[in-house]
Amino acid sequence: MRTVKPKKALGQHFLRDMDIARAIAATVDARPDLPILEIGPGTGVLTQFLKERDRQLKVIEIDRESVMYLHENMPDVNVIEGDFLKLDLNGLFDGGQFVLTGNYPYNISSQIFFRMLENRELIPCCTGMLQREVAQRICSGPGNRNYGILSVLLQAWYDTEYLFTVHENVFDPPPKVKSAVLRLTRNSRTQLGCNEALFRKVVKCTFGMRRKMLRNSLRQVYEKDVPLPADSPYLDRRPEQLSVSDFISLTNMMEQAAG
């Protein structure tokens with residue numbers, strides 16, 4: 001029987017614990033009405049439990065060896081050979097919404113979530129496993145040392161849930177860090193209420209200099225001849241002290257100051 005060797009270059013760590021795989025599969029039941037896309041199925045450890053959901057299921061895998069293994073051992077699964085970061089998501093389920101899940105490759109997990117944000121109208125629910133540090137970052141709130149760019153940008157559009165921690169010894173090969181399972185569910189926000197491109201710029205710029213007060217870091221957003229909003233309550237704070245709503249308000253203040 002064909003075997004698949006985990007590839008370090010692809011960030012592959014194959015899950016061996018069936019109970020954990022079953023628990024991850026259960027997270028997609030938050031939206032039982034939608035089809036499922038799994039990223040990086042590998043040898044199908046999670047896929048086998050997703051199949052039990054009796055819903056339309058597609059998996060995307062970039063590793064040719066894993067693709068061949070899935071074709072041989074799970075011929076009933078719709079396998080897409082390719083890169084999720086380049087996949088046309090609009091054509092995936094005839095333009096319809098879907099749940100995104102997977103044991104995400106450690107080396108591109110943040111990129112996966114940024115791609116999800118770009119397609120948030122198609123992905124009302126995202127679940128899966130990734131390195132614990134990134135999961136903590138996504139789910140942290142203001143005042144927490146893990147709170148950062150990914151926290152704000154994702155929480156602007158999604159409710160985040162840190163579900164459970166997964167230890168290293170259930171993987172082949174064992175990673176050097178712990179993992180975690182989370183779930184992201186689209187919140188009720190339909191409009192950000194500010195210039196979204198400027199919002200992203202403000203968030204990234206201020207957290208890029210997170211030790212500085214905002215009155216100093218915001219100077220990187222505009223030229224020096226643009227006055228900072230004098231009546232802003234945020235200028236003497238650091239970025240980790242601001243909520244998503246605060247960043248929206250700050251973005252509007254910055255745009256008004258620029259005229």
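Scroll up for the structure.
Keep in mind that what you see is a predicted model, and the values were worked out from it rather than measured.

Asker: Would you take a moment to explain the pattern of salt bridges for this structure?
Answerer: Here the idea is simple: oppositely charged side chains can pair when their charged atoms come close. The final tally for this structure, using the stated rule, is 14 salt bridges. For Asp 236, the salt bridge goes to Arg 215, with nearest N and O atoms at 2.9 Å. Taken together, the positions of Asp 236 in the loop between helix H8 (214-217) and helix H9 (244-258) and Arg 215 in helix H8 put the pair 21 residues apart, joining distant regions of the chain. Classification of Arg 215 by relative accessible area gives partly exposed; the value is 35%.

Asker: Help me understand unusual backbone geometry, please; the structure alone is not making it clear to me.
Answerer: Where the residue is not glycine, phi is negative for most of them; where a peptide bond is considered, it is trans in most cases. Each neighbour pair has its own omega, and for Asp 172 with Pro 173 the value is -10 degrees, a cis peptide bond. Phi angles above zero are rare outside glycine, and Asp 94 is one such case at about 55 degrees. With respect to the helices, strands and loops of the structure, Asp 94 is situated in the loop between strand S4 (78-81) and strand S5 (99-102). Looking at Asp 94, the relative accessible area reads 81%, which means it is exposed.

Asker: Any chance you could explain the side chain of Arg 55 here in plain terms?
Answerer: Inspection of the secondary structure assignment puts Arg 55 in the loop between helix H2 (47-50) and strand S3 (57-61). With relative accessibility at 16%, the residue Arg 55 sits in the buried group. Within the structure, the side chain of Arg 55 is placed 2.6 Å from the backbone oxygen of Arg 31, a separation counted as a polar contact. Only 2.7 Å separates the side chain of Arg 55 from the backbone oxygen of Leu 34, close enough to count as a polar contact. Once you skip the residues sitting within four places of it in the chain, Arg 55 turns out to touch Val 28, Asp 29, Arg 31, Pro 32, Leu 34, Ile 36 and Val 99.

Asker: Just checking my understanding: could you explain the environment of Ser 232 for this structure?
Answerer: One can find Ser 232 in the loop between H8 and H9. With a relative accessible area of 10%, Ser 232 lands in the buried category. As a C-alpha pair, Ser 232 and Thr 165 span 67 residues in sequence and 39 Å in three-dimensional space. Dropping the residues within four chain positions of it, Ser 232 is found in contact with Leu 250 and Met 253. At a separation of 3.1 Å, a polar atom in the side chain of Ser 232 contacts the main-chain amide nitrogen of Tyr 234.

Conventions and cut-offs
Residues numbered from 1 in each chain as written. Predicted model: local features only at pLDDT ≥ 70, side-chain atom pairs only at ≥ 80, totals over all residues. Heavy atoms only, no water. Salt bridge = Lys/Arg side-chain N within 4 Å of Asp/Glu carboxyl O. Helix = DSSP H or I, 4+ residues; strand = E, 2+ residues; numbered from the N terminus. Buried < 20%, exposed > 50% of the residue type's maximum accessible area, 1.4 Å probe, protein only. Polar contact = N/O pair within 3.5 Å; in protein donor to acceptor, adjacent residues only side chain to side chain. Contact = heavy atoms within 4.5 Å.

Functional significance is not addressed by these values, which are geometric in nature.
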